[in-house]
Every structure is written in structure tokens, then in C-alpha cells.
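Remarks on the overall topology
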Amino acid sequence: MNEVNKPSTKMADPHAADDNVDLSPTLGEEVKYTTCYMCACRCGIKVYLHDGKVRYIQGNRNHPVNGGVLCGKGSSGIMQHYSPARLSKPMKRVGERGSNEFVEIEWDEALQLASDRLGHIRNTDPKKLAFFTGRDQSQALTGWWASQFGTPNYAAHGGFCSVNMAAGGLYTIGGAFWEFAEPDWHLSKYFMMFGVAEDHDSNPIKKGLGLLKKRGAKFVAVNPVRTGYGAIADEWVGIRPGTDGLFIMALVHELLKSGNVDVEYLIRYTNAAWLVIDDKGASDNGLFARDAEGNPLCWDQDAQALANAKSGKIATPALKGKFTLADGRTAVPSFEILARRYLDAQYAPEQVAHVCGLKVADIKRIAAELAHVAFKETIEIDQEWTDWTGKVHDKMIGRPVSFHAMRGISAHSNGFHTCRMLHILQILLGSVEVPGGFRIKAPYPKHIPPGIKPTGRSDQVHPNTPLPGAPLGFPTGPEDLLLEDDGFTPRRIDKAYSWEHPISSHGMMHMVIHNAWKGDPYKIDTLMMFMANMSWNSSMNTAGTIEMLTDKEADGSYKIPYIIYADAYFSEMVQYADLILPDTTYLERHDCISLLDRPISNADACADAIRYPVVEPDRDVRGFQSVLIDLGHRLGLPGLTNDDGSAKYPGGLADYMVNHERAPGVGMLGGWRGVNGDKPMKGEVNPNQLNKYIENQSFWKHEFARDQRYFKMANKNYLDWCADMGLLPNNEPIIFQMYSEVFQKFRLAAEGHGDTTPPKADAERILKYFDPLPIWYQPFEETIVDTKEYPLHALTQRPMHMYHSWGSQNAWLRQITGKNRMFIHNDLGAKLGLVDDDWIWVSSHHARIRCQVKLVDGVNPNTIWTWNAIGKRRGAWNLDKDAIEAKEGFLLNHLISELLPVQGDGYRYSNSDPITGQAAWFDLRVKIEKAEPSQFGESWPQFPVVEKFDNMAETPKTLRYGKDFRAKREGK
């Protein structure tokens, strides 16, 4: 294949209609390197241009994320960029909300409308702006903008996506699964993957799995559904949804019972030896015993005395026993509490297997296999390194067992504890941050938890004043909650950081529309959203959400008074906006993939990247981040306005990316800092920085020295570097927290201790769920609904070639999956008399849908599942009104309520994890029945057709791209 302006070769092809076929066409006149945005992978791409148009997209072989690998999503970015669904002009609603009656306006008017509205809010009550973003990759900017505005009501989509995964890791090991860490693909010998679909981080995972398979490592996939990755696994564990945590506890039970835990690792790198006060009823019961300087204590068995557990100098601290403190009270090592819990017979495989839908022998075998590989096949690397105490180690010793997990275990009401439990399993094996184990990527690990606290209390929110900190953060106790002065009422519209969901570190975006509609805990003025399809596939209770968006007060005003929405495409959400701000495609704008946000590091190097316009927009659209910066200046936000009133970043996002600093020398990008571009990570602003990125194929990478690459939580050279570069506030070691004192503080508050205590109903929840060690409990929905009436679990996941709702507007990807079916086990199908392509009704306690069936073997027998976000509303995305995605595609979302069923006291809690507020998508219980033959052929529910805007491209019956290139090439 030729690349740029090279002569091509034509050969006769007997199978072609035209036998003068060019088998090696020139790909383009020019190549530009940027970063893909077809999923969260952020792969490097080469974009070939011809006559100023995109001709071809290829993976960048030099890029640290994908090394040249590019999936179907990335390759089809052409069709995303040239989608007929692209918005082209700012629009103002003139008809009823939802009627799609809009008029075009100019940007000056659009920005004036927005700034007038937002300016009034900021002048009066900043929290009446609710600013929530979807799948943008610029949360370091959007969160900072919200803070400058002064509203605590900000979050991105993590609350309905992955907060259990993030918080579970950050409160335990200072890092997390997802794309923030990776298995040691090159050295791991036994790999377990929990609940991982193929749409996130897919290229690195595919590359990694290839390395594992090539080396003969064992790959075990734990997932109720067997697709994609699971299809190539050596063993598939088809677990019952929501029981992963119990399964992991059974594995830990077996490891503890057989003595297969890494004691030396626990002593050096965890709080296993820290003493926990045992004084029932006391205000500090369950907290760590500390010395006068606040250091946690352990019992030094050599000195037979209490000692500073963080000194790193106690060779043999006690891991069991009861010890007397200076005040005469007793304390026990946290490891004893942990061991006592998980050695209990309730966690034995014999007690757990039937709940998980597994075999006792399989659980015991997997535990034995983990132990064998970890302790009998240890890896030693001859690499000297220095720990935080100054001790020099002559080798790096590793346990070659690794794990990875994603939303499958996270999106349950018990997901936080499950995520934490998986990390504890890794810790007990000594396989975190070691050769062959689980490796954390820079800028992680962080101190536990990270030092950022959420802001938004009544003394922190004032008119025309920025917040004193970030809207989102990591509480360390009840004093960090965002409550009204009464100590009970939530301060945030989504009720994040309240007694209902105290550690909701990503906010609760799935509750914003419901709470704003209900005015609970208060009414807002404006809902501003970006790239969030909340009236369709990103929302629970889709039909109800649509009603909330259009519902009115008795006086005819809307219950959600004003909605500003920014998107690049004609999604289902657009018609519910009052003001539409059209975004660019990812090939037309700047973006910052920053170490302050979601960087592209790997375990051996820190890295970041940019996007920049490889083509200019052919529509009157602007990148939302630049619009946000412009709005900030119009509003006079301090961080975006100079003292003389001029714009601080008149060049928009590109200007901000180069010139904005969070601390002296610490900016959005780490590469080529300093006046001469010769300083990595930290240095003065370099006006030529973006050009340096573009010259370097739009990314920057800093390789760690070999002695920095493992044991990052305790590695002196790594910790010193992080502190010097501003990634950590200091070079203190990061001690893994198996026993969480933070959670015990909340339980003590629930017992009535301290100045901030919860109301009775919430106190009962906190006492039950805020355990300092992971627990397992049934997912909420199945404890409330009649599981005999609703005997089946129902799940969704996304296919490898789709990413959220974007993918099924894409003409190339639609050819792979044009509609979704409900996959059910062959045995269940036989029991119900179903065959392939039958239509069924699926009912939950909340609603019902009609869809088509496909019988399979690769699913838990008591579980049904489908692809998410394939189903479309008629007319949306500028698809044909009878497109198969709309006529036969469907959403499981219709069946899921954003609220749990009414309980004894009549209150309906959010359908979420009680700790983090993570949306419990996968708790759903359903029943199915065969539809009547007269009902075959169309999914249900159906909604009124969305009429496209007059200024949009015609809805194509057949979409072709590239015909002009060929005609020109052939001289026609």
C-alpha cells in the first residue's frame, strides 16, 4: 500500500467489473498525526488527506497506546467525521420542548443568550447551574470551569459508568482498574479478567491478550456473558450477575485457609499490621491506634513494644494477637480482623458456589492455581532498587498473577465492595506493582485517598465567587460531606456527597434530571450538558426521563427551566434543548489528553497527547471546550479573565492548553515545557509547545528508569520523581489500605459519635454498608422485587466495534451490527418454547419491552443480555425513519428505574450503590414471555419520529464515501 503521493500499480483483476483496478492506490496527499476519539482508548492515528478531505485512517505504529493497532471503530472514524447527523449551526428553540422546532442563530447571539442566563445565576445563586458532561475527555477543564463559576453541581458520566471501579481502587491501592493500570502483559503467567466488555481500552487489551496467549499464560474470564475476550479465554467462569464479590471472598477464604498469602509483602506495603482499637461503644472504636504524632501503631514482636507502623523499620510486626495500648485499652492488628472474617465458614466454597452459579471444585481449583503460580513460579528480576526507607534491594521479586476488571463488577449496588475485594485478593497474593502482576500507570498511585476534598458547603458557595476547591473529591470522613447547615439536606442537586451516597466521587449524573424535575433537594435554573445522551441510552427509565424533560408547572413553565446542550450530532437529546451549541468532530478540534485527567501512560512510562484540527470544519461549529473558555471570559470568571477584563485565553482551548498552569510550572501538558522546550513535566510555559507535539506525532512520553518501574507505591526514586514533578504532594510511601479507617469513621457517625451524624434511616444504611472491610450483600433490586416473578438477570454490554450511541450512526459500523437481539441460553429457550428470531416480551417491576431472540450457549443460564445503544429513536442521528436500528433495535434502559421500588418507610432511594452512588444498571431482574405472532416485526416501545432540522443533510438511503477520490484518481 502506498502512502503519500507515490506512484501506484494497476493490474488486471478478472473478478472486477472494471479490470483496470488499482490494487495499490495512493492514500493521500498529506498525512497528519492525531489522537483517535472513537472510544476511550485514545490511540494514535495517521490521518491521510486528499483535497482537504479525510481519505484514510491508520494506526500510528509509534504511539504508546496502540503501537499501530487500530480497531474497526478507529478505522471508521471517516464515517463519523462525515456523518449526515452532524449539527451545523447554533439553534434556539421556538416551539414546545421536544417538538424539534428551532431556528438558526449566530454564535454571538447563542453566546449572549448563554452568558446572560448563566451570569444571572452566578450573580444570585451559583448552585442553580447544574453542569454535567458525558463522555468528554477534558474533565480537568470542565471541572475547573465549574469551580471558577462557583457551582458544586458538576460531574461527568463516571457516576453511571465506573465510580465503583475508581473509588474502590483509590481507597485501597491508590490506583484503579480501567485504563489507569494494566496487567504485566509481558511477564504474567495467570490472568483473571472480571466483567470486561470490549469497547473500552480495547486495543491495549487485545495486544496484551495476544502476548499472554503467545507465551502460554492461562487466561480466565469471569463474566455472565461469553463474548469477545471471553471467547478466547482458556476458561470461562459464567458467574451469576452480582455475585463476583462473593466468589472473590471464597478464593480469599481458600488462600487464607492454606496459608498462601505473601506475609512479607503485607508487612512492608499494607496496613495489615496496624493496630485497630477494640473498644465497643467508644468514639474511636475501630480506628487505628496512633502515637502522639498521629502515626499508626503496630506491635514490634522483637522489642515486645508498640512502634510506629509507618517507619518501615519493624521487621516482625504482629499480624495477630491482642495488645495493650498506653491508655490500657486493647487493639488488634487489622490483618487478624480480615483473616477472622474471610476464614468464616460462610465464605467457604461449599457455601458460596450455589449462590454464584459455580461448582465448588472449580472455586477451589482456581484458588489453588492462583496460589501455585504466585508462590511456586515466582519471578526475579536482577534489578537493584531503593525503597522509601532507603533500603536497597538487589532484586525485584514478583508474583506473576494479574487481574483486570471493568464495569461488569462495578455497575451493581454491591459493586464498590466487590471492586475493593478484588484489590484485596491481589494484595494478599503480593501481586500489585510487582513483576508479572498488576501494574499502575502514572500519575498513579496516589496517596489513599487522594487529598482533594469536594467543595460546595453553604460557607463555600457565594455569588460571583469561585469555589475554594474542586466540586468533586474524596471524603475522609463525615465532615467532608456536602450538606446544608442542618447536617442532613444534600447540597448538590444529584445528592452526591450526602448521607445517601457519601463517597460519590464522580457525582451521580443519572439522578440529575429526575432531581431537577422534582425540585429535590431544590429547584435549579439551568441544566447545561455536553455530549450526554440522557434522553436515551445514557438514562435509566428512558420514557420517564423524556416526560421529565418536557413536564411543566401549573403556570406553563418547564419544571427544568432551561437546558443548554452541546453535541456534535443529532442525538436523541438535542430536541429537548432550549439552546444548542454545535460541537466539532474530533478531527476538527484541539483536545488535551492530560496527566491531570485521563492520560495515555503505560506502566513503564508517563505520557500525554493532544488532538488538533487535521481538517477545518465545513459548518458553523465550534469545539465545546473553546466555547466554554469564551463563556468563562464573558462571565468574568477569574481564571479566564485578566485583571483588565480581557480574555486570558483568547486563542481558545489551544491557548489554554499551553498557557494554563495549575501550580507553578505544572500545566495541562507535560512535554516540552520550559522556555526552550527542554524540561519534562514541570517548567515554564513554552509558546511553541503545541508545535512540538505536532512534530512528535501528537504525543509525548517519558520512559521511567528501570529501577522506577515496579513497586511504585514504595519506590524511592519513583516517589521522589513524582513529588518533584508535581504528581504527588510529597514523597511519602503509599500504604495499601485493606482495612479502611475512612469507612469506620462513617460508621461511628452512624452510631451517634461526632459533630456530623446522619438521620436514622440513613444511619441504618451506613452501619450496614460502610464496613471497613469488604462485604457481600444481595443486589438491592433482587431483595425488593419478587424474584419468583422476575427470575432472570438482564444485562447489557457494548460490542467491540461500538462506543456508546455514536457507533450506530456510523455507516460502516452499522453494517456489522444493525440491530440487537436478546440473547438467552438455549436451555431457557427450550423451556419457554422459543427459537431463533422469535419475538418476546421482557418485563421488569418498572416497565416492559418487546424484542427479538437469539439462542446461545455462552451466557449464564439464568441471565439474558443484549448489546447496548444499538436501538435508536426513529429519525434521530439523521437515520431513515424505518432504519432497522429504530424499527427492530431496542434498549434495555426502558426496564430500569432510576429509583428503587418503594420500601417500608415509603422512601425511594436511588437505584445505586449506597456508598458511591454508582448506577446499578446490572441489578435488573426480569421475566420473559413469547409475543403473539401479530406482534412480531417491530420492537416496543416506539416513540414519535424525530424530525430532522431543515439545515441538516438529506437522510441518505445509501451512504457512500470515497467515490470522488476514485473518480479523480481515474481521471473521470
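Because the structure is a prediction, the values reported are computed rather than measured. (Residues numbered from 1 in each chain as written. Predicted model: local features only at pLDDT ≥ 70, side-chain atom pairs only at ≥ 80, totals over all residues. Heavy atoms only, no water.)

1. Quick word on the UniProt feature "domain: 4Fe-4S Mo/W bis-MGD-type" (unreviewed entry) in the protein chain
The condition that has to hold: UniProt positions are given in the numbering used here, feature names are shortened, and annotations may be inferred rather than shown by experiment. Here a helix means four or more residues in a row that DSSP labels H or I, a strand means two or more in a row labelled E, and each is numbered from the N terminus.
Mapped onto the present numbering, the UniProt feature "domain: 4Fe-4S Mo/W bis-MGD-type" (unreviewed entry) falls at residues 29-85. Span residues 29-85 is 16% helix and 35% strand, its end C-alpha atoms 27 Å apart.

2. Topic: the environment of Ile448
Defined as follows: Only heavy atoms enter the contact rule, under which two residues are in contact if any of them lie within 4.5 Å.
If you trace the backbone, Ile448 turns up in the loop between strand S24 (438-440) and helix H15 (512-518). Once you skip the residues sitting within four places of it in the chain, Ile448 turns out to touch Leu170, Tyr171, Thr172, Ile173, Gly174, Ile734, Ile735, Phe736 and Gln737.

3. Some thoughts on the nonpolar core
So the rule is basically this: Here the nonpolar core consists of buried residues drawn from Ala, Val, Leu, Ile, Met, Phe, Trp, Tyr and Cys, with membership extended through side-chain atoms lying within 4.5 Å. Note on classification: 1.4 Å probe, protein chains only; a residue is buried when its accessible area is under 20% of the maximum for its type, exposed when over 50%, partly exposed between these limits.
Trp145, Phe247 and Phe335 are the most contacted members of the largest nonpolar core, which has 289 residues in total. Once you skip the residues sitting within four places of it in the chain, Phe335 turns out to touch Leu256, Val261, Leu266, Ala272, Leu319, Leu428 and Met738. Listed in part, the nine residues of the second largest apolar core include Ala289, Leu297, Trp299 and Ala318.

4. Things to note about the sheet that holds strand S3 (residues 30-35)
Applied cut-off: Any two strands with at least two DSSP bridges between them are considered paired. Helix axes are fitted to C-alpha atoms over the stretch in contact, other axes to C-alpha atoms as well, and angles between N-to-C directions run from 0 to 180 degrees.
With respect to topology, three strands assemble into an open sheet ordered S3-S4-S5, the strand pairing being antiparallel. Edge strands, defined here as strands with exactly one partner in the open sheet, are S3 and strand S5 (53-59). Put simply, the sheet's adjacent strands are angled 30° from each other on average, direction ignored. The pairing of strand S4 (residues 44-50) with S5 spans six bridges and is antiparallel. Across the sheet, Leu49 pairs through a bridge with Val54, a residue of S5.

5. Side note on the domain arrangement of the protein chain
The condition is simple: The domain boundaries here were taken from an automatic or database domain assignment. Accessible area that two parts lose when put together, evaluated with a 1.4 Å probe and summed over both, is termed the buried area. Throughout this description, the term salt bridge denotes a Lys or Arg side-chain nitrogen within 4 Å of a carboxyl oxygen of Asp or Glu. What qualifies as a polar contact is a pair of N or O atoms within 3.5 Å, subject to a donor-acceptor requirement within protein and to the restriction that residues adjacent in sequence count only when both atoms come from side chains. Note on residue classes: Ala, Val, Leu, Ile, Met, Phe, Trp, Tyr, Cys and Pro are nonpolar, Asp, Glu, Lys and Arg are charged, and everything else, Gly too, is polar.
Segmentation of the protein chain into domains returns domain 1 (30-82), domain 2 (166-442) and domain 3 (780-935). Put simply, the middle of domain 1 and the middle of domain 2, counted by C-alpha atoms, are 37 Å apart. In this assembly, 12 residues from domain 1 lie in contact with 10 residues from domain 2. In total, about 750 Å² of surface goes out of reach between domain 1 and domain 2, with carbon and sulfur atoms giving 55% of it. By the criterion of area lost to domain 2, the three top residues of domain 1 are Ala40, Cys41 and Val69, representing 42% of everything that side buries. Our count for the contact surface shared by domain 1 and domain 2 stands at one salt bridge. Across the pair Arg42 and Glu179 runs a salt bridge, and its minimum N-O distance is 3.5 Å. Counting every contact that joins domain 1 to domain 2 gives one residue pair in polar contact (both at pLDDT 80 or more). Residues of the side of domain 1 that touches domain 2, tallied by class, amount to eight nonpolar, two polar and two charged.

6. A closer look at the packing of helix H8 (residues 244-258) against helix H10 (residues 334-342)
Under the convention used in this document: Any angle that falls under 35 degrees is termed roughly parallel, while one over 145 is termed roughly antiparallel, one within 65 to 115 roughly perpendicular, and all others oblique.
Packing of H8 against H10 leaves a shortest axis separation of 9 Å and a crossing angle of 110°. As far as their axial angle goes, H10 and H8 are roughly perpendicular. Note on element contacts: H10 touches H8 through Phe335, Leu338, Ala339 and Tyr342, opposite Met249, Val252, His253 and Leu256. Looking at side-chain class alone, the contact of H8 with H10 contains seven nonpolar, one polar and no charged residues.

7. Overview of the side chain of Arg589
Residue position: Arg589 is located in the loop between strand S27 (579-582) and strand S28 (591-593). Among the polar contacts made by the side chain of Arg589, one reaches the side chain of Asp591 at a distance of 2.9 Å. With residues near it in sequence (within four places) discarded, Arg589 still touches Tyr37, Met531, Asp583, Thr584, Arg611, Tyr612, Pro613 and Gln625.

8. Section: helix H18 (residues 652-659)
Of all the eight residues making up H18, seven are buried; the element is thus mostly covered by neighbouring parts of the structure. Within H18, burial applies to Gly652, Leu653, Ala654, Asp655, Tyr656, Met657 and Val658. In this structure, the buried residues of H18 make contact with helix H4 (139-149), S28, strand S29 (605-611), helix H17 (624-634), strand S30 (661-663) and helix H19 (689-695).

9. Looking at the packing of aromatic side chains
Selection rule: We call Phe, Tyr and Trp rings a pair once their centres come within 6.5 Å, taking the six-membered ring for Trp, and we label the pair stacked below 30 degrees between planes, edge-to-face above 60, and tilted otherwise.
For the structure shown, the criterion picks out 46 aromatic pairs. Aromatic side chains Phe131 and Tyr154 sit 5.7 Å apart centroid to centroid with 55° between the ring planes, which places their arrangement in the tilted category. Of this pair, Phe131 sits in strand S8 (residues 129-133) while Tyr154 sits in strand S9 (residues 154-155), and the two are 23 residues apart along the sequence. Among the residues examined, Phe131 registers a relative accessible area of 0% and is labelled buried. Taking 5.0 Å as the distance between ring centres and 65° as the angle between the ring planes, the aromatic pair formed by Phe570 and Phe949 counts as edge-to-face.

10. Some thoughts on the sheet that holds strand S18 (residues 330-333)
Overall, antiparallel pairing links the three strands, which are arranged S14-S18-S17 in an open sheet. Among the strands making up the open sheet, the edge pair consists of strand S14 (275-278) and strand S17 (323-324). Bridging between S14 and S18 involves four bridges; their strand directions are antiparallel. Pairing of Asp278 across the sheet is with Thr330, part of S18.

11. A word on the pairing of strand S36 (residues 848-856)
Burial within S36 is extensive, with seven of its nine residues counted as buried. As paired strands, strand S34 (residues 822-825) and S36 are joined by four bridges and run parallel to one another. Considered in S36, the bridge of Met822 is made with Val853. Note: strand S35 (residues 839-843) against S36, five bridges, orientation antiparallel. Paired with Trp839 across the two strands is Gln852, which belongs to S36. Turn length for the S35-S36 hairpin, with the two strands adjacent in sequence and antiparallel, is four residues.

12. Points about the packing of H8 against helix H14 (residues 415-429)
Basically, it comes down to this: In this scheme the crossing of two helices becomes right-handed for a clockwise turn of the near helix relative to the far one and left-handed for an anticlockwise turn of less than a right angle.
At a minimum axis separation of 9 Å, H8 and H14 run at an interaxial angle of 20°. Considering the angle they form, H8 stands roughly parallel to H14. For the pair H8 and H14, the sense of crossing is left-handed. Across from Asp244, Gly245, Ile248, Met249, Leu251, Val252 and Leu255 in H8, the residues of H14 making contact are Thr418, Met421, Leu422, Leu425, Leu428 and Leu429. Along the lines of polarity and charge, the residues of the contact of H8 with H14 split into 10 nonpolar, two polar and one charged.

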